[in-house]
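Chain and residue survey
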Amino acid sequence: MTEKKMNMEQGHWVLAKLGKRVLRPGGRELTAQMLEAMNINETDDVVEFAPGLGQTARLTVAHKPHSYTAVELNEEAASRVRHNVNYTNMRVVAADAAQTGLPDACATKVYGEAMLTMQSAPQKNAIVREAARLLKAGGLYAIHEIVICPDDAGSELQRTIEKDLAHSIKTNVRPLTLSAWRAVLEENGFEVVWTKQSPMHLLEWRRVVADEGWGGFLRIVWRMLRNASARKRVLNMRSIFRKHDKNIQAISMVARKRA
Ligand SMILES: C[S@@+](CC[C@H](N)C(=O)[O-])C[C@H]1O[C@@H](n2cnc3c(N)ncnc32)[C@H](O)[C@@H]1O
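This section reports on the structure supplied with the text. Every value quoted in this text rests on a predicted model; they were computed, and no experiment measured them. (Residues numbered from 1 in each chain as written. Predicted model: local features only at pLDDT ≥ 70, side-chain atom pairs only at ≥ 80, totals over all residues. Heavy atoms only, no water.)

What about the overall build of the protein chain?
On a plain count of helices and strands, the protein chain comes out with 10 helices and 8 strands. With respect to the principal axes defined by its C-alpha atoms, the protein chain has extents near 50 × 45 × 30 Å. The contacts of the protein chain with a sequence gap of at least 6 include a subset with a gap of at least 24, amounting to 76%. Summed over all atoms, the accessible surface of the protein chain reaches about 12,200 Å², with 51% contributed by carbon and sulfur. Between the averaged position of the 38 positive side-chain charges in the protein chain and that of its 28 negative side-chain charges there is a distance of 6 Å. (Helix = DSSP H or I, 4+ residues; strand = E, 2+ residues; numbered from the N terminus. Contact = heavy atoms within 4.5 Å. Areas by Shrake-Rupley, 256 points an atom, 1.4 Å probe, with all protein chains shown as cover. Lys, Arg positive; Asp, Glu negative; His and termini not counted. Charge placed at Lys NZ, Arg CZ, Asp CG, Glu CD.)

Shown next, in the form of structure tokens:
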């Protein structure tokens, strides 16, 4: 990839090209807690929005759900999921999570990680509404995103965080406060039943080792040493995460579809 292209690439694809597989703010640990709270089992029809490289998909199919469907906007990522995840009753749809084309009430559990934060307010609502449409009454919808704290952070601070993150990650980044995430879910037919927050340490070395293992960590460092423009991008993202360390965290929420 040319230096110019690397400088414009969205942050998560820069990380993926360096070998990073876990691309969500709370890492594997928060994902594991979210999946435990969802209690996926043999009776479930699961839909995942934005599986990326399919890492959480693998954990999900290990619970042997009745079916697993991935909805991924990026065609290349969709074929990576087809290739990386092996499950009999599985399908991968290359589509926008706001308009999946799947039938009403086809799922008992829906989740999406690190994908709502990057949407505008209308897109967030459209995606959460689509999750509600896909779920049977009583079904669960889980998210894993970035939260702004404290809850009463002023709008000026919120705009600064959005601007810094968007400039560094090169994509729309619109994290919400806890109350605002709750409101998006409640206004679209859900009742929040579980919430967990953790530090935004996606690019801190301890978290990278925890998420990718020592081998993965060393591979990323090696590739960063050989690619100055990718290294600059990663260090810039980490400096922005550190700058706002007190005001951004990872959050996961599980919500139940109201009858
Ligand atoms: C930061 S990555 C997260 C990937 C994965 N969920 C993970 O946590 O490792 C964001 C992913 O969201 C996908 N995405 C963004 N907007 C989407 C949409 N509207 N519908 C489906 N997928 C979307 C991108 O293609 C990308 O794979």
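Focus: the pattern of salt bridges
Counted by the stated rule, this structure contains 10 salt bridges. Note that R133 and E130 form a salt bridge whose closest N and O atoms lie 2.8 Å from each other. With R133 and E130 both in helix 6 (residues 121–134) and 3 residues apart, the pair spans about one turn of that helix. Judged by relative accessible area, which is 7%, E130 ranks as buried. One network of salt bridges, with partners in common, ties together D104, E130 and R133. (Salt bridge = Lys/Arg side-chain N within 4 Å of Asp/Glu carboxyl O. Buried < 20%, exposed > 50% of the residue type's maximum accessible area, 1.4 Å probe, protein only.)

Looking at the site of the ligand
Around the ligand, 20 residues are found, and the nearest of them are R24, A50, E72, D96 and A97. At 2.9 Å from an oxygen atom of the ligand is found a side-chain nitrogen or oxygen belonging to R24. A distance of 3.0 Å separates a nitrogen atom of the ligand from a polar backbone atom of E113. Burial of the ligand by the surrounding chains reaches 95%, relative to a free accessible area of 600 Å². For the shell around the ligand, the secondary-structure elements that each account for two or more residues are helix 2 (11–17) and strand 2 (67–72). For the shell around the ligand, the residue count by class is 12 nonpolar, 4 polar and 4 charged. (Near = heavy atom within 4 Å. Polar contact = N/O pair within 3.5 Å; in protein donor to acceptor, adjacent residues only side chain to side chain. Nonpolar A, V, L, I, M, F, W, Y, C, P; charged D, E, K, R; others polar.)

With respect to the nonpolar core
Membership of the largest hydrophobic core comes to 30 residues, with the highest contact counts inside it found for L15, L18, L165, L203, V234, F241 and I248. Those elements that place two or more of their residues in this core are helix 2, strand 5 (135–148), helix 7 (155–169), helix 9 (205–226) and helix 10 (228–243). Sequence-distant contacts of V234, that is, excluding residues within four places in its chain, are made with V14, L15, L18, L203 and M224. (Core = buried A, V, L, I, M, F, W, Y, C linked by side-chain atoms within 4.5 Å.)

Thoughts on unusual backbone geometry
Residues apart from glycine generally show negative phi values, whereas peptide bonds are mostly found in trans. Following C149, the chain continues to P150 via a peptide bond in cis, the omega torsion being 0 degrees. Here P150 lies in the loop between strand 5 and helix 7. A positive phi is found at A114, a non-glycine position, where the angle reads about 50 degrees. Here A114 lies in the loop between strand 4 (107–113) and helix 6.

A few points about the pairing of strand 4
Counting buried residues in strand 4 gives 7 out of 7 residues, a clear majority hidden from the surface. When strand 1 (residues 45–49) meets strand 4, the two strands line up parallel, connected through 4 bridges. When the bridges of strand 4 are listed, F49 appears paired with G112. With 6 bridges joining them, strand 4 and strand 5 adopt parallel strand pairing. When the bridges of strand 5 are listed, V110 appears paired with Y141. Crossover handedness for the path strand 4 to helix 6 to strand 5: right-handed. (Pairing = 2+ DSSP bridges. Right-handed = clockwise from strand over helix to strand, strands pointing away.)

Brief notes about the environment of V71
With respect to the helices and strands, the residue V71 is situated in strand 2. Looking at V71, the relative accessible area reads 2%, which means it is buried. A sequence separation of 121 residues divides V71 from V192, and the C-alpha atoms of the two residues are 23 Å apart. Once you skip the residues sitting within four places of it in the chain, V71 turns out to touch V47, E48, F49, A50, P51, V93, A95, D96, A97, T100 and L102.

Considerations on the packing of helix 9 against helix 10
Between helix 9 and helix 10, whose axes approach to 5 Å, the crossing angle comes to 120 degrees. It follows that helix 9 is oblique to helix 10 by the angle criterion. Residue-level contacts link M224, L225 and R226 of helix 9 to A228, R231, V234 and L235 of helix 10. Across the contact of helix 9 with helix 10, the residue classes break down as 5 nonpolar, no polar and 2 charged. (Axes fitted to C-alpha atoms, helices over the stretch in contact; angles between N-to-C directions. Parallel < 35°, antiparallel > 145°, perpendicular 65-115°, else oblique.)

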